[in-house]
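# Secondary and tertiary structure notes
Below are the chains, spelled out letter by letter.
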Amino acid sequence: MTGRDAERSGAGPINGVEHVLDVRKLSKVYGAGETAVHALRDVDLTVRRGEYVAVIGQSGSGKSTLLNMLGCLDAPTSGRYLLEGLDVAYLDERQQAVLRNRQIGFVFQAFNLIPRTTALANVELPLVYAGVGRRVRRDRAMAALALVGLQGREDHRPNQLSGGQQQRVAVARALVTGPALLLADEPTGNLDSRSTADALALFDRLHASGRTIVLITHDDEVAARAERVVVVSDGRLSETARR
Amino acid sequence: MSVVEIVRFAVRGLVANRLRSLLTMLGIIIGIAAVILLTALGNGASQYIQGQIAGLGANSITILPRQPPESAGTSGRPLTTGDVRALADPQGAPDVASVSPVAQLSASVDAGRSRTDATVVGSTPTYFPGANVQIGTGRAYTDADVEAGRKVILLGRTVADDLFGVGSDPVGRDVLVRGVPFDVIGTLAPAGQGQGLSNPDENVLAPITAVQGSLTGFGDLSQIVVQARSTEAQAAAESEINSILDRRHGIEEPDNRDYQVLSARQLADVLDDTLGAFTLLLAAIAAISLVVGGIGITNIMLVSVTERTREIGIRKALGAPPSAILGQFLVESIILSVVGGMLGVAVGYAGTLVPLGDFRPVVLPSAVVAAVAVSAAIGIFFGAYPARRAARLRPIEALRRE
Ligand SMILES: Nc1ncnc2c1ncn2[C@@H]1O[C@H](COP(=O)(O)OP(=O)(O)OP(=O)(O)O)[C@@H](O)[C@H]1O
Ligand SMILES: [Mg+2]
């Protein structure tokens, strides 16, 4: 399996819903009482299938909080979140796990690779939980690593990789299942200009193959590649002009 | 997500955290080995002591003269041949098999080149079975020897060694007991230490008539050795002895007795009580080490899972269902507990192979089963419980735990 195949599979409407993401009056409050932090306040956001959205905003404005919610990693304090038209709040633990595994590829701001485990095993992990057989799993993980330019590094452990390389392993892990929705929290934050360009080219290809991408960035150049840019400031969302 | 994959994750997790896995296992190994070893020690000691008691001659009863207390108002009567005859009467004492009068003194024994001190025991042939004394070489003296007052003698092993050299057979030689010549007709089998009231290895045995005729004079007896018909009959024999002697010595209060009855049974009773307490003590120590080992296992399992909450968060974020996470940690705990348990049994068993003085520890199978079961249960519970809690967290919460 090649990188091109990985880009092609898993695209296209799943059950004919136009909006992949549909967020309504979403709020998130951390803590309670005096120390409560309103990380998100009544956020509305819809993302169409195949859209490429960049989220920008100052540090601490609530970008990661929003993305975690979109990735079903956290639950909102109030509001509704429909993924593929499905209200996530009504899914049980198992169903959410399946959703995260099959539909979403998530790149964390802090990489979150499993320590003391090789790059290859890290990238294979989502495929194991998807029930993919050993050989296929290995081939696809190798292809995903090749896609991010890490061939020859598959046996390295996270502590043997540079920050940028770890980030690329994280990207490979998010792509390996061929998810329809890619959520990335500053995926180019630790990359040099060349690697950034490579990563952006990769995102462009994924976008071209019909995947929905939401990524957080501080980099104007990265934001410029997206179709649409939303700005988060102090927990509120505003749209910049569509291209 | 198959069982094979879960097992593979578990093994990979254990190998990735080699040191911690080893330490966890060490806790289990020590806990189990300690329990097995301690109970084996207690068991071995108890079997050893029971063996020693059996060696005392379980049917043997010794009667010694005793100074009655002041309150009795009398100095008491000595043990006499009259007492021996009364005790030997099958009507009055049906449970008594034999009665042996004993005239005893300490004397120097001289073999020309060398001399030593020994206890001279003058008695009748029934003394040999009565006091559970075995012949080593030569023969025992006979009733004919007693009747004729022949000066024949059997030497205890230590005495024979001292006089004629280690392992020698002095049958046919002569010795002087306090200057009186005796023919050596035999030696006693080595008894080892701790047999009965005196050490037979340091005794010399001769017919009572010869001892009284040439050494002590025909006076009172030093003791009377009685053999009961059987081990079961011993208690009955003791009470028959008491009633006969009480009558003959004019004793109304048991506290005022001018004699004392000693038996292996009494010793066994005392030792049984002591052993019971000893076994209980060891069981308590074993239980404590099991609890301590259990706390150790609990601790390290909790730390191990808590430390990996972040990993659990990552796995959840990538789509691991709660069952897969719980399964992985459960299998890890089971592997640790089972492997640690088997190693613990092996170490504990190896420890019991080291002989300690005279006795060998004897492994109790029930202790093995209990130790393995308890530590496995603790290991699995405290491995699985925090994993279950972590598996229920939202991924982002698990990821935020440090
Ligand atoms: N677990 C938490 N408990 C309490 N407050 C939190 C928690 N997580 C985030 N916050 C707060 O919520 C706000 C939004 O945080 P968030 O991580 O979404 O910011 P961000 O936009 O991603 O910033 P950055 O660009 O620095 O990553 C911040 O003020 C932060 O302090
Ligand atoms: Mg952030």
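Here the structure is shown first, and the text comes after it.
Computed from a prediction, not measured in an experiment: that's the story for all the values here.

### Let's talk about the overall build of chain A
A count of helical and extended segments in chain A gives 8 helices and 10 strands. Buried residues in chain A amount to 53% of all 243 residues. For chain A, the share of sequence-separated contacts (at least 6 apart) that also reach a separation of at least 24 residues comes to 73%. On chain A, roughly 10,600 Å² of surface is accessible, and the fraction owed to carbon and sulfur atoms is 47%.

### Considerations on the overall build of chain B
Assigned secondary structure in chain B consists of 13 helices and 10 strands. Considering only residue pairs separated by 6 or more positions, chain B has 77% of its internal contacts joining residues 24 or more positions apart. Looking at chain B as shown, the accessible area adds up to about 18,600 Å², and 60% of this sits on carbon and sulfur atoms.

### A few points about the side chain of Thr187 of chain B
Residues and elements named next belong to chain B. Turning to its location among the elements, Thr187 is positioned in strand β7 (residues 180-188). The class for Thr187 is buried, based on a relative accessible area of 0%. Within the structure, Thr187 has its side chain in polar contact with the side chain of Thr137 (distance 2.6 Å). Not counting residues within four places of it along the chain, the set of residues in contact with Thr187 comprises Ile135, Gly136, Thr137, Leu154, Leu155, Arg157, Ala160 and Pro170.

### Re the nonpolar core
All names here are of chain B. By size, the foremost hydrophobic cluster in this structure holds 56 residues, and its most contacted members are Ile63 and Val175. At 7 residues, strand β2 (residues 96-110) tops the list of elements feeding residues into this core. Ile63 has contacts with Leu79, Leu87, Gln223, Ile224, Val226, Ile241, Leu245, Tyr259, Gln260 and Val261, leaving out every residue within four places of it along the chain.

### Describing the sheet that holds strand β1 (residues 19-30) of chain A
All names here are of chain A. A sheet is described by the order of its strands in space; here 4 strands give the open sequence β2-β1-β4-β5, paired in antiparallel fashion. With one partner strand each, in any of the chains shown, β2 (37-48) and β5 (86-87) form the two edges of the open sheet. Relative to β2, β1 runs antiparallel, the two sharing 8 bridges. Counterpart to Val23 in the pairing with β2 is Leu45. In the packing of helix α2 (residues 63-70) onto the sheet, the strands contacted are β1, β2 and β4 (78-83), and the crossing angle to β1 comes to about 125°.

Rules and cut-offs
Along each chain, residue indices are assigned from 1 in the same order as the chain's sequence is written. Whichever chain is written first is A, and whichever ligand is written first is 1; the rest continue in order. For this predicted model, a pLDDT threshold of at least 70 governs which residues receive local features, and a threshold of 80 or more governs which side-chain atom pairs are given and counted, while totals over whole chains, interfaces and linings are taken from all residues. Heavy atoms from the whole structure form the basis of all side-chain values; hydrogens and water molecules are not counted. Put simply, DSSP H or I for four residues or longer makes a helix, DSSP E for two residues or longer makes a strand, and each gets a number counted from the N terminus. For every residue, the accessible area (1.4 Å probe, protein chains only) is compared with the maximum for its type, and the residue is labelled buried under 20%, exposed over 50%, or partly exposed between those bounds. Note on definitions: a residue-residue contact is assigned when non-hydrogen atoms from the two residues lie within 4.5 Å. Per-residue accessibility takes into account occlusion by the displayed protein chains alone, with areas from the Shrake-Rupley method and a 1.4 Å probe. For this analysis, a polar contact is any N or O atom pair within 3.5 Å, provided that within protein one partner can donate a hydrogen and the other can accept it, and provided that sequence-adjacent residues contribute only side-chain to side-chain pairs. By convention a nonpolar core is built from buried Ala, Val, Leu, Ile, Met, Phe, Trp, Tyr and Cys residues, the set being connected through side-chain atoms within 4.5 Å. In short, DSSP must find at least two bridges between two strands for them to pair. For helices, the fitted line uses only the C-alpha atoms of the stretch in contact; every axis is such a line through C-alpha atoms, and the angle between N-to-C directions lies from 0 to 180 degrees.

All we've got here are geometric facts, nothing functional implied.
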